[in-house]
Amino acid sequence: MTPLDAAPFIRDNLPVHPVPGIPEIRLHKAAPESGLGRLAARDADGFGAPYWAHYWAGGLALARHVLDCPETVAGRRILDLGAGSGLVAIAAAKAGARQVIALDADPYAIAALGLNAALNGVRLDIRAGDVADLDPPAVDLILVGDLFYSAELAATVVAFLDRCGIDALIGDPWRQSLPVSRLDEITRYDVAESGSTIKSCGIFRFIACMT
Ligand SMILES: C[S@@+](CC[C@H](N)C(=O)[O-])C[C@H]1O[C@@H](n2cnc3c(N)ncnc32)[C@H](O)[C@@H]1O
């Protein structure tokens, strides 16, 4: 199996649930019986960590924030960086964004993004790409849900945001590589990333350092 036929697998094996704390949005979500291992086994070289199949605290908080404060995105062009399942991008589209680009490096996320956008009746401009190689896009706001879980990706994201100099909002549960000295905290949300474990998440504005 390749990313090309991942969509039928996701549709048939990952049940659709309302997102915890965000009942306005439903997503295909991995369950114990989904058999993601079967998907991985058939594409040993191409299958990475299936982040697109799970909830992430930073994305849950950022999606909630966008829906609670639609003026943040309404009428604006948005990039959801490392969109994963599409939760944040879908929230932005539902909150009235003019255009939403959902970008991810993982081809399986691209398949999930298409299914989840259709499921929620929103139009996303879904793009495959690596943030490391990305030119500044023609958008008004960049949304970053939970991308500071590794030092390498954090450095890449910070370099991209500096390169862009475009407004950026970040949702993150203070993961290890969160660049706190480059952020202004706006507000906090408590979210349930997995089961009943509640995490406190910040919503931050990125302070760009133009060179
Ligand atoms: C922890 S998940 C967060 C997903 C989503 N933002 C959310 O909050 O639900 C990280 C996502 O970033 C994507 N990603 C990781 N490195 C990337 C890169 N260099 N360029 C683009 N996407 C990347 C992964 O494929 C994954 O979908």
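Before reading further, recall that the structure is shown in the block above.
Residues numbered from 1 in each chain as written. Predicted model: local features only at pLDDT ≥ 70, side-chain atom pairs only at ≥ 80, totals over all residues. Heavy atoms only, no water.

A. Fine view of the site of the ligand. Taken together, 17 residues sit near the ligand, with Gly-82, Asp-104, Asp-130, Val-131 and Gly-145 positioned nearest. In this structure, Gly-82 approaches the ligand through a main-chain N or O atom, which is 2.7 Å from a nitrogen atom. At 2.9 Å from a nitrogen atom of the ligand is found a side-chain nitrogen or oxygen belonging to Asp-130. The fraction of the free accessible surface of the ligand (600 Å²) that becomes covered by protein chains is 92%. In terms of residue class, the shell around the ligand is made up of eight nonpolar, five polar and four charged. (Near = heavy atom within 4 Å. Polar contact = N/O pair within 3.5 Å; in protein donor to acceptor, adjacent residues only side chain to side chain. Areas by Shrake-Rupley, 256 points an atom, 1.4 Å probe, with all protein chains shown as cover. Nonpolar A, V, L, I, M, F, W, Y, C, P; charged D, E, K, R; others polar.)

B. Representation of the sheet that holds strand E7 (residues 168–172). Judged by pairing direction, the sheet is mixed, and its seven strands sit side by side in the order E5-E4-E3-E6-E7-E9-E8 without closing on themselves. Each end of this open sheet is capped by a strand with a single partner; those strands are strand E5 (125–128) and strand E8 (183–194). In this sheet, adjacent strand axes meet at a mean angle of 20° when their direction is disregarded. Relative to strand E4 (residues 99–104), strand E3 (residues 77–81) runs parallel, the two being bridged by five bridges. Across the sheet, Ile-78 pairs through a bridge with Val-100, a residue of E4. Helix-sheet contacts for helix H3 (residues 57–68) involve strand E6 (141–145), E7, E8 and strand E9 (197–206), and the interaxial angle to E8 is about 115°. (Pairing = 2+ DSSP bridges. Helix = DSSP H or I, 4+ residues; strand = E, 2+ residues; numbered from the N terminus. Axes fitted to C-alpha atoms, helices over the stretch in contact; angles between N-to-C directions. Contact = heavy atoms within 4.5 Å.)

C. Quick look at helix H5 (residues 107–119). Helix length check: H5, at 13 residues, gives a terminal C-alpha distance of 19 Å against a target of 18 Å (1.5 Å per residue), a fit within 8%. Of the positions making up H5, those classed as buried are Tyr-108, Ala-109, Ala-111, Ala-112, Leu-113, Leu-115, Asn-116 and Ala-117. Looking at the buried positions of H5, the neighbouring elements they touch are helix H1 (6–13), strand E2 (22–28), helix H2 (36–41), helix H4 (87–94), E4 and E5. Regarding H5, its N-cap is Asp-106, as a side-chain oxygen of that residue lies 2.8 Å from the backbone nitrogen of Tyr-108 further along. Gly-121 sits one or two residues past H5 and shows a positive phi near 65°. (Expected span 1.5 Å × (residues − 1). Buried < 20%, exposed > 50% of the residue type's maximum accessible area, 1.4 Å probe, protein only.)

D. Highlighting the side chain of Asn-120. Mapped onto the elements of the fold, Asn-120 is located in the loop between H5 and E5. When neighbours within four sequence positions are excluded, Asn-120 is seen to be in contact with Glu-24, Ile-25, Arg-26, Leu-27, Ile-90 and Lys-94.

E. Molecular detail of the packing of H3 against H4. One way to put it is that H3 packs onto H4 with a least axis distance of 9 Å and a crossing angle of 0°. In this view, H3 runs roughly parallel relative to H4, as classed from their interaxial angle. The segment H3 lies against H4, with Gly-59, Leu-60, Leu-62, Ala-63, Val-66 and Leu-67 engaging Leu-87, Val-88, Ala-91, Ala-92 and Lys-94. Considered class by class, the residues forming the contact of H3 with H4 number nine nonpolar, one polar and one charged. (Parallel < 35°, antiparallel > 145°, perpendicular 65-115°, else oblique.)

F. A look at the nonpolar core. Within the largest apolar cluster, 37 residues are counted, with the highest numbers of intra-cluster contacts made by Ile-25, Val-73, Leu-124 and Leu-143. Where this core is concerned, the elements lending two or more residues are E2, H3, H4, E4, H5, E6, E8 and E9. With sequence-adjacent residues up to four places away left out, Ile-25 is seen in contact with His-17, Pro-18, Val-19, Leu-67, Leu-87, Ile-90, Ala-91, Lys-94 and Asn-120. Counting 25 residues, the second largest nonpolar core, distinct from the first, contains Ile-101, Ile-142, Val-144 and Phe-204. (Core = buried A, V, L, I, M, F, W, Y, C linked by side-chain atoms within 4.5 Å.)

Any functional reading would require information that these geometric values do not contain.
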